[in-house]
Amino acid sequence: SQKIEQNSEALNIQEGKTATLTCNYTNYSPAYLQWYRQDPGRGPVFLLLIRENEKEKRKERLKVTFDTTLKQSLFHITASQPADSATYLCAPISGGYNKLIFGAGTRLAVHP
Amino acid sequence: DVKVTQSSRYLVKRTGEKVFLECVQDMDHENMFWYRQDPGLGLRLIYFSYDVKMKEKGDIPEGYSVSREKKERFSLILESASTNQTSMYLCASSFPPRTSGSSYEQYFGPGTRLTVT
C-alpha cells in the first residue's frame, strides 16, 4: 500500500539556520506533492506544490525538492525564525480528484 | 479569501448518539473532503465528494456516512458514535486537478474536536 514517512521526532534548530525536513514515499509515483503547515489546534495551510517534472520549487524563504528516483521530497526553510515553529505535513497526490495522502508531519521548533 | 467553516469547534457526545458535522465552503470548489486527525497518525481521509450528490470512500469510512446536497455544503454523519471516534475532524475543499490557474491546494476548516463519552 502507499506509504508516506516523515521524521516523527521534532526538529529543533537555532534561529537563522536552515531547517530541512524529509518526506519519503513508497509503492507509488505521485504526479505532484504538496507541503502544508499546521499550527496547534488549527487546520493545515497550503505552502507549496511541486510536480514530478520539477526538481525544485521556491517561494520566499521556502524551497522544496522532488526526487522521483529516490522517492523523496525535501522541504527547506532558510533563515528560520521562531514564527516558523509549527508542524509541516507532506502530501503526495493519490489517484484522481486531488485526493492526497498526508504524512504524520514533522514538528519544527526554532529557538531564538 | 477562501473560507471553509465547520459547525462546531468542540463537541461532546454520548456513545450511540447520531452526530452531524457540517462543513461549508464559499469558493465554489467541486471537491470536498473529510479527514480525522489523531496523534502520530496524521490526517486520514474518511470520505470525499467531487460533485453534488457524488461521494467516494476514503481510507477509513467505516462507521461514517456523508451527504452533499448542495455544492457548498458537505456533512459528515456518525451513525452511532463510539469512543474510538473521539478525534479532531477536519473538512477541506479544492478545485479538481486540471483546473486552469489552480495549484489544487486544499483549503481546510478550523476543525471540530469531537469527544465521545
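Placed above this text is the structure.
Cut-offs applied
Residues numbered from 1 in each chain as written. Chains lettered and ligands numbered in written order. Predicted model: local features only at pLDDT ≥ 70, side-chain atom pairs only at ≥ 80, totals over all residues. Heavy atoms only, no water. Disulfide = S-S within 2.5 Å. Helix = DSSP H or I, 4+ residues; strand = E, 2+ residues; numbered from the N terminus. Buried < 20%, exposed > 50% of the residue type's maximum accessible area, 1.4 Å probe, protein only. Pairing = 2+ DSSP bridges. Axes fitted to C-alpha atoms, helices over the stretch in contact; angles between N-to-C directions. Contact = heavy atoms within 4.5 Å. Salt bridge = Lys/Arg side-chain N within 4 Å of Asp/Glu carboxyl O. Polar contact = N/O pair within 3.5 Å; in protein donor to acceptor, adjacent residues only side chain to side chain. Nonpolar A, V, L, I, M, F, W, Y, C, P; charged D, E, K, R; others polar.

## What to know about the state of the cysteines
Right, so step 1: Across all of its chains, the model carries 2 disulfides over all chains by this definition.
Right, so step 2: Here A:Cys23 connects covalently by a disulfide to A:Cys90, the sulfurs 1.9 Å from one another. In this structure, the disulfide formed by A:Cys23 and A:Cys90 twists by about -55° around the S-S bond and is classed as left-handed. With A:Cys23 in strand β3 (residues 19-26) and A:Cys90 in strand β9 (residues 86-92), this pair connects stretches of sequence that are 67 residues apart. In this pair, the class of A:Cys23 matches that of A:Cys90, namely buried.
Right, so step 3: Put simply, B:Cys23 and B:Cys91 are joined by a disulfide, and their sulfur atoms are 1.8 Å apart. Torsion about the S-S bond of the B:Cys23 and B:Cys91 cystine: about -75°, corresponding to left-handed handedness.

## Focus: the sheet that holds strand β1 (residues 4-6) of chain B
Residues and elements named next belong to chain B.
Right, so step 1: Strand order in this open sheet of 4 strands is β1-β3-β8-β7, and the pairing throughout is antiparallel. Whereas interior strands pair on both sides, the edge strands pair on one side only; in this sheet they are β1 and β7 (64-70). Geometrically, the sheet is characterised by an average inter-axis angle of 20° between neighbouring strands, direction not taken into account.
Right, so step 2: Pairing between strand β3 (residues 19-25) and strand β8 (residues 73-78): 6 bridges, direction antiparallel. Within the sheet, the bridge partner assigned to Val24 lies in β8 and is Arg73.

## Side note on the interface of chain A and chain B
One frequent convention defines the size of an interface as the accessible area lost when the parts assemble.
Right, so step 1: Between chain A and chain B, the residue contacts involve 19 residues of the former and 25 residues of the latter.
Right, so step 2: The tally of links from chain A across to chain B stands at 0 salt bridges.
Right, so step 3: Where chain A packs against chain B, one counts 3 residue pairs in polar contact (both at pLDDT 80 or more).
Right, so step 4: Only β4 (32-38) and β5 (45-51) of chain A provide two or more residues apiece to the side of chain A that touches chain B.
Right, so step 5: Considering every element that reaches the side of chain A that touches chain B, the biggest residue donor is β4(A), with 4 residues.
Right, so step 6: Taken together, the residues of the side of chain A that touches chain B sort by class into 10 nonpolar, 6 polar and 3 charged.

## A word on the pairing of strand β5 (residues 42-51) of chain B
Residue and element names in this part refer to chain B.
Right, so step 1: Burial of β5 is extensive: 8 of the 10 residues sit out of reach of the surface.
Right, so step 2: Relative to β5, strand β4 (residues 31-38) is paired through 7 bridges, and the arrangement is antiparallel. By the bridge assignment for β5, Asp38 is matched with Gly42.
Right, so step 3: Bridge count between β5 and strand β6 (residues 54-57): 3 bridges; the pairing is antiparallel. Within β6, the residue paired with Tyr47 across the bridge is Lys57.
Right, so step 4: Two successive antiparallel strands, β5 and β6, enclose a turn made up of 2 residues, where Lys53 displays a positive phi of approximately 65°.

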